[in-house]
Amino acid sequence: MDTNFLLFPSCISVGGYSNSLIMDLDNGTFIEIPNLLQEILSIDLKQNTIEEIKSIFDNKYNEGIDSYFQFLVDNEYGFFTQKTTSFKNPQKVFYSPYKVISSVLSFDRTSIYSLPEVLKQLENLSCQLIQIRLFDFIDLQLLEKYLRTIKESSIRKVEVLIPMNYKLTEKELVKFANNFPRTSLIIYGCDTKKRLKTSENPKKEIIYTTNKLTKDSKEIYSIKSFIINHQMYYEALQYNTGLHRKVCIDTNGNVKNYLSHHKSYGNISKDSIVDIISKKSFQTKYYIHNDMIEKCKDCQFRYMCLSNSDIKFEKNKYYKIDTCNFDPYNNSWN
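Cut-off values and rules
Residues numbered from 1 in each chain as written. Predicted model: local features only at pLDDT ≥ 70, side-chain atom pairs only at ≥ 80, totals over all residues. Heavy atoms only, no water. Core = buried A, V, L, I, M, F, W, Y, C linked by side-chain atoms within 4.5 Å. Buried < 20%, exposed > 50% of the residue type's maximum accessible area, 1.4 Å probe, protein only. Phe/Tyr/Trp six-rings, centres within 6.5 Å; stacked < 30°, edge-to-face > 60°. Lys NZ or Arg CZ within 6 Å of the ring centre and 35° of its normal. Pairing = 2+ DSSP bridges. Helix = DSSP H or I, 4+ residues; strand = E, 2+ residues; numbered from the N terminus. Contact = heavy atoms within 4.5 Å. Axes fitted to C-alpha atoms, helices over the stretch in contact; angles between N-to-C directions.

A.B. asks: So what's going on with the nonpolar core? Which residues, and what values?
C.D. replies: Formed by 45 residues in total, the largest nonpolar core has its most connected members in Leu-105, Leu-122, Ile-130, Ile-132, Leu-147, Ile-206 and Ile-273. By size, the runner-up hydrophobic cluster in this structure holds 20 residues, among which are Leu-6, Ile-22, Ile-33 and Leu-45.

A.B. asks: Could you give an account of the packing of aromatic side chains, naming the residues involved and the relevant values?
C.D. replies: In total, this model carries 21 aromatic pairs according to the counting rule given. Aromatic pair Phe-57 and Tyr-61: ring centres 6.0 Å apart, planes at 65°, arrangement edge-to-face. The class of Tyr-61 is partly exposed, set by a relative accessible area of 32%. An aromatic cluster is present here, built from Phe-94, Tyr-239, Tyr-265, Phe-282, Tyr-286 and Tyr-287 joined pairwise through their rings. In this structure, Lys-194 packs its charged tip against the face of Tyr-208, placed 4.7 Å from the ring centre. A cation over an aromatic ring shows up here: Lys-263 above the ring of Tyr-265, its NZ or CZ 5.4 Å from the ring centre.

A.B. asks: Give me the lowdown on the sheet that holds strand β11 (residues 205–208), citing residues and values where you can.
C.D. replies: With mixed pairing, the eight strands of this open sheet are ordered in space as β10-β11-β9-β8-β7-β6-β12-β13. A strand with exactly one partner marks an edge of an open sheet, and here the two such strands are β10 (194–197) and β13 (255–256). Pairing of strand β12 (residues 246–249) with β13 involves two bridges; the strand directions are antiparallel. The partner of Cys-248 across the bridge, within β13, is Lys-256. Across the sheet, helix α4 (residues 115–124) is in contact with β6 (102–107), β7 (129–134) and β12; its angle to β6 comes to roughly 175°.

A.B. asks: Tell me what's going on with the sheet that holds strand β2 (residues 11–14), and back it up with residues and numbers.
C.D. replies: Pairing is antiparallel in the open sheet, where three strands are placed in the order β2-β3-β4. The sheet is open, and its two borders are formed by β2 and β4 (29–33), each paired with just one other strand. Taken pair by pair, the neighbouring strands of this sheet meet at an average axis angle of 20°, ignoring direction.

Right, dumping it as structure tokens:
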């Protein structure tokens, strides 16, 4: 009896201009494949046996089909079966109950907005991820006071970026980290990289990085920054994963889709976050996803790439202003 080849339910094949790939949403991995294999995998694999698939291509690629299918089985991206009705494709629907998923806040000595008040507003909007970028010294006791307002909140993670040039001692940082289990510390601008474990949670680390951070810092794009999971993939099919339900506030209190964007939709000193994010103009970029954007729509990594770039509309086409250094037309990183 003829058999079928099926990708595992968590594996998705994605076509690109010069190369394609298979994403394993359960395990957070991917494997690159040639476009011809992507074309083969795009056929209804449940309704067509391997022999029928070969005949669709006039039996010109029989040996290659056998070889590739076995390769995918060996690497646990697919399997052979004679019973296909038991395996249903997942519903490609993204759902999140949170009005704000993530937020980035910039704060320095010139900032006049209330950080505790902003954190409280984000908590009320069920924000899950918050990054606080500090550009000037802030006393850790004062920072503790600020964060204490959300210590018992539903916010899942707060990441605080602190400049190295203020020489906070390891003892001070460890004590702070232990007092706030859901808060992670990144000390930037260091001479050397290192990770400092805290005493109460062996899995939690204080990260010292040589990376620089300024108000004009650009994003760094690389394979290491890709995110592969069910939520990311389903969101990417419908939304701009970098900007969807994200709200950012710069050091002057201006509220934006992201810090590097020029457009501001209000100021936190006089406008509430909920009023700003409810504006249709603020939400417009939520819906401009990678399948709609030039270059990105031809890239095989488009459903795992998180870019906060602003978007421009020219000659009836969308473009990212801060484009990455991957060339999907030559399948190369420049």
